[in-house]
Amino acid sequence: MILGYLIFNSFHACLTIFPLWFNIICPSMFFPNIVFSRSLSASLISFFDISSAKFSLLIFSHELGHFLLAKANGIRVHEFAIGMGPKLIGFEKGETKYAIRLLPIGGYCAMGEDDVNDVSEGSFNSKSVWARMSVVVAGAVFNFILAFIFAVVVVSFTGYDEPVISGTVEGF
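Residues numbered from 1 in each chain as written. Predicted model: local features only at pLDDT ≥ 70, side-chain atom pairs only at ≥ 80, totals over all residues. Heavy atoms only, no water.

Peer 1: How would you summarise the overall build of the protein if you had to cite specific residues and measurements?
Peer 2: Of regular secondary structure, the protein possesses three helices and two strands. In sequence order, the protein lays out its α and β elements as α-α-β-β-α. Taking all 172 residues of the protein together, the buried fraction comes to 27%. If you take every contact in the protein between residues at least 6 apart in sequence, the share linking residues at least 24 apart comes to 53%. Surface exposure of the protein reaches about 12,400 Å², of which carbon and sulfur atoms provide 71%. (Helix = DSSP H or I, 4+ residues; strand = E, 2+ residues; numbered from the N terminus. Buried < 20%, exposed > 50% of the residue type's maximum accessible area, 1.4 Å probe, protein only. Contact = heavy atoms within 4.5 Å. Areas by Shrake-Rupley, 256 points an atom, 1.4 Å probe, with all protein chains shown as cover.)

Right, here's the structure in full:
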């Protein structure tokens, strides 16, 4: 689980740092006498705003996977939160608290899975191994579903090139 998290974070860092390098730093290195229309600070601010929005959507999808499978398996969810830090807004519906927090750098779905001794009805540890595994794996599966949705949207807007056979070679 930790290895997958580290691999994902390094992949996400590549996706966010490379556009910064090629869009902001490289032009000023290769063309020092040209004044660009956007300042570096404005570019960095918009870059980090877009990156944090993408990251928040990814975290929301991930945590939603845990949440939905926990509810489907009858596991009590204590809190579902997007973001970290102090709570900005929130409400309670049933036995679950929902919250949006100040810092958009993560989120969590608290199910009481850390309390090993709690085997009461509806607790995470009272469920079967398959139910617990489905809840744990659901976050990664929802990330793949989100990636597939993004791929479909990108292809629907940009299209694709159909392969054209221009000829054949004898013997193959």
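Peer 1: Describe in detail the nonpolar core, supporting the description with residues and values.
Peer 2: For soluble globular proteins, nonpolar side chains are generally found buried alongside one another. In this structure, Phe67, Ala70, Ile75, Val77, Phe80, Ile82, Tyr98, Cys109, Met111, Phe124 and Val135 together form the largest nonpolar core, which totals eleven residues. Every element with two or more residues in this core is listed here: helix H2 (40–72), strand E1 (79–93) and strand E2 (96–110). Non-local contacts of Ile82, meaning those with residues more than four positions away in its chain, are made with Phe60, Ala99, Ile100, Arg101, Gly106 and Gly107. (Core = buried A, V, L, I, M, F, W, Y, C linked by side-chain atoms within 4.5 Å.)

Peer 1: Please give an account of the pattern of salt bridges that cites residues and values.
Peer 2: As enumerated under the stated definition, the model contains two salt bridges in all. Here Lys127 ties to Glu121 by a salt bridge, and the two come within 4.0 Å at their closest N and O atoms. Overall, the relative accessible area of 69% leaves Glu121 in the exposed class. (Salt bridge = Lys/Arg side-chain N within 4 Å of Asp/Glu carboxyl O.)

Peer 1: Talk me through the packing of aromatic side chains; I want residue IDs and the actual numbers.
Peer 2: Each aromatic ring pair is characterised by the separation of its centres together with the angle its planes make. As enumerated under the stated definition, the model contains five aromatic pairs in all. Taken together, a centroid distance of 6.5 Å and an interplanar angle of 65 degrees make the contact between Phe80 and Tyr98 edge-to-face. Of this pair, Phe80 sits in strand E1 while Tyr98 sits in strand E2, and the two are 18 residues apart along the sequence. The exposure classification of Phe80 matches that of Tyr98, with both residues buried. (Phe/Tyr/Trp six-rings, centres within 6.5 Å; stacked < 30°, edge-to-face > 60°.)

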